[in-house]
Amino acid sequence: MSDEPLTGRPADEPGRTPPTPAPEPPAPASGYSTPAPERPTPAPEHRTSAPERPAPTPGYPTPAPEHPAPDPHLSTALHRLAESSRAPAPGTGAQVRRRAQARKRRRAVVAGGVAAGVGALVFGLVTGLGGADGSGPAPPAAPPSRTASATAPAVGVDLAARTLTVRGRTLPVSSGTASHPTKPGRTTVVAKHRTKRLSGATAGLGDAYDLTLPWVVELRDSGGRTNYLVALTYDDAAPGARDITHGMLGLRPADAKWLYGQVAPGSVVTIEGAAPPTP
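Residues numbered from 1 in each chain as written. Predicted model: local features only at pLDDT ≥ 70, side-chain atom pairs only at ≥ 80, totals over all residues. Heavy atoms only, no water.

### Some remarks on helix 3 (residues 253–262)
Stage number 1. Those residues of helix 3 lying buried are D255, A256, L259 and Y260. Relative to the axis of helix 3, the buried residues are bounded by an arc of 140° and lie together on one face. Turned more than 90 degrees off the buried face of helix 3, the exposed positions are A254, K257 and G261.
Stage number 2. On the buried face of helix 3, the contacting elements are strand 2 (163–166), strand 3 (169–172), strand 4 (185–199), strand 5 (210–221), strand 6 (226–231) and strand 7 (249–251). (Buried < 20%, exposed > 50% of the residue type's maximum accessible area, 1.4 Å probe, protein only. Helix = DSSP H or I, 4+ residues; strand = E, 2+ residues; numbered from the N terminus. Arc of directions from axis to C-beta. Contact = heavy atoms within 4.5 Å.)

### As for a positive patch on the surface
Stage number 1. Together, R97, R98, R99, R103, K104, R105, R106 and R107 line one region of the surface with positive charge.
Stage number 2. Structurally, R103 can be placed in helix 2 (residues 93–129).
Stage number 3. The exposure class assigned to R103 is partly exposed, which follows from its relative accessible area of 40%. (Patch = residues over 30% accessible without salt bridge, like charges linked within 9 Å, V, L, I, M, F, W, Y side chains within 5 Å. Areas by Shrake-Rupley, 256 points an atom, 1.4 Å probe, with all protein chains shown as cover. Salt bridge = Lys/Arg side-chain N within 4 Å of Asp/Glu carboxyl O. Lys, Arg positive; Asp, Glu negative; His and termini not counted. Charge placed at Lys NZ, Arg CZ, Asp CG, Glu CD.)

### Details of the pattern of salt bridges
Stage number 1. The tally for this structure, following the rule as stated, stands at seven salt bridges.
Stage number 2. Linking D243 and R162 is a salt bridge whose minimum nitrogen-to-oxygen distance equals 3.2 Å. Taken together, the residues D243 in the loop between strand 6 and strand 7 and R162 in the loop between strand 1 (155–158) and strand 2 connect sequence positions 81 residues apart.
Stage number 3. Take D243: its relative accessible area is 6%, and that puts it in the buried class.
Stage number 4. Taking relative accessible area as the criterion, R162 reaches 11% and is therefore assigned buried.
Stage number 5. Ionic pairing is found between D235 and R242, a salt bridge with its closest N-O pair at 2.9 Å.
Stage number 6. The exposure class assigned to R242 is partly exposed, which follows from its relative accessible area of 33%.
Stage number 7. What emerges from the salt-bridge pattern is a single network uniting R169, R252 and D255.

### Let's talk about the confidence of the model for the protein
Stage number 1. Averaged over every residue, the pLDDT of the protein is 73; the share at 70 or more is 50%.
Stage number 2. With pLDDT under 50 throughout, residues 4–8 is counted as low confidence; its partners more than four residues away or in other chains account for four contacts.
Stage number 3. Segment residues 125–149: pLDDT under 50, and 16 contacts once partners within four positions in sequence are set aside and those in other chains are kept. (pLDDT = per-residue confidence, 0-100.)

### Describing the pairing of strand 5
Strand residues, when the strand is regular, have side chains that alternate between the two faces of the sheet.
Stage number 1. The pairing of strand 4 with strand 5 spans eleven bridges and is classified as antiparallel. Bridging across to strand 5, V189 finds its partner in L219.
Stage number 2. Sheet analysis places strand 5 next to strand 6, joined by four bridges and oriented antiparallel. Bridging across to strand 6, R220 finds its partner in T226.
Stage number 3. Between strand 5 and strand 6, which pair antiparallel in sequence order, lie four residues; one of them, G224, sits at a positive phi of approximately 90°. (Pairing = 2+ DSSP bridges.)

### A short note on the packing of aromatic side chains
Stage number 1. With the rule as written, the count across this model stands at one aromatic pair.
Stage number 2. The side chain of R169 reaches across the aromatic face of W258, ending 4.4 Å from its centre.
Stage number 3. Over the ring of Y260 we find K192, and its NZ or CZ is 4.6 Å from the ring centre. (Phe/Tyr/Trp six-rings, centres within 6.5 Å; stacked < 30°, edge-to-face > 60°. Lys NZ or Arg CZ within 6 Å of the ring centre and 35° of its normal.)

### Remarks on the pairing of strand 1
Stage number 1. Side-chain alternation along strand 1 places V155 and V157 on a buried face and G156 and D158 on a face that remains uncovered.
Stage number 2. The pairing of strand 1 with strand 8 (residues 268–272) spans four bridges and is classified as parallel. Its bridge partner lying in strand 8, G156 is registered against T270.
Stage number 3. Two elements, strand 1 and strand 2, share three bridges in a ladder whose sense is antiparallel. Counted as the bridge partner of V157 is L164 from strand 2.
Stage number 4. Adjacent in sequence and paired antiparallel, strand 1 and strand 2 are bridged by four residues, among which R162 carries a positive phi angle near 55°.

### Some details on the sheet that holds strand 7
Within a beta sheet, neighbouring strands are joined by backbone hydrogen bonds and run either parallel or antiparallel to one another.
Stage number 1. Strand order in this open sheet of eight strands is 3-2-1-8-4-5-6-7, and the pairing throughout is mixed. Bordering the open sheet on either side are strand 3 and strand 7, each of which pairs with just one other strand. Strand after strand, the sheet turns through a mean of 30° between neighbouring axes, direction not considered.
Stage number 2. Sheet contacts for helix 3: strand 2, strand 3, strand 4, strand 5, strand 6 and strand 7; angle to strand 5, the most-contacted strand, approximately 45°. (Axes fitted to C-alpha atoms, helices over the stretch in contact; angles between N-to-C directions.)

Pasting the structure below:
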């Protein structure tokens, strides 16, 4: 058998030391268990706590906690603030009396203004309910008169010449007969009717006529009397030649249609002169 160790290296190789085998743990004795390895004991925790107050002695009161001394600078500032918030001195007696008199005069002025306003209100109520003597309600104010619009032309009628002029154009016209003359004066257009029935009964003439005419322009004067500009469809040769109506102003149908498109409510129609005698 060879003297070489089991490592496979020669025993006399210089610089080589064979490894030392680890010691085997002793076998446990029969009937005993192997004890568990001991764990290291943790270090105790250190906690910082407030110092405990001593228990009060029976029969003696608990001493009050000590307060820090007040800041002298803070006290000075508080004193200055209190001094600045004080009300100013009322002044001398004469000054106090003058201020009181001024307040009294202001109150008197305010009271006088309120009294005047109440008086005006009462007067307005009495007037609106029928006057100071209670005789009855006051009549309502008259409505404002209508004025011609900016685009409505003024119309002029010359009864003596049997003409009507508007926008620089002259149209022949026929007015009322001698027994029913057309009244001159200033009238205003209040309405327009493409067709309208006109009867003598509405004009206080009984059954003198009963007609339905086209292109009717309704006129009204300051006294509330109504008149008409109409198309004389039953005698279109009369305008400019003779007067055949019961007071209305008659035009040829074509002229009446054109005039109907020119005027509007508010247009002023001024009638002047008197119709010439019919031959």
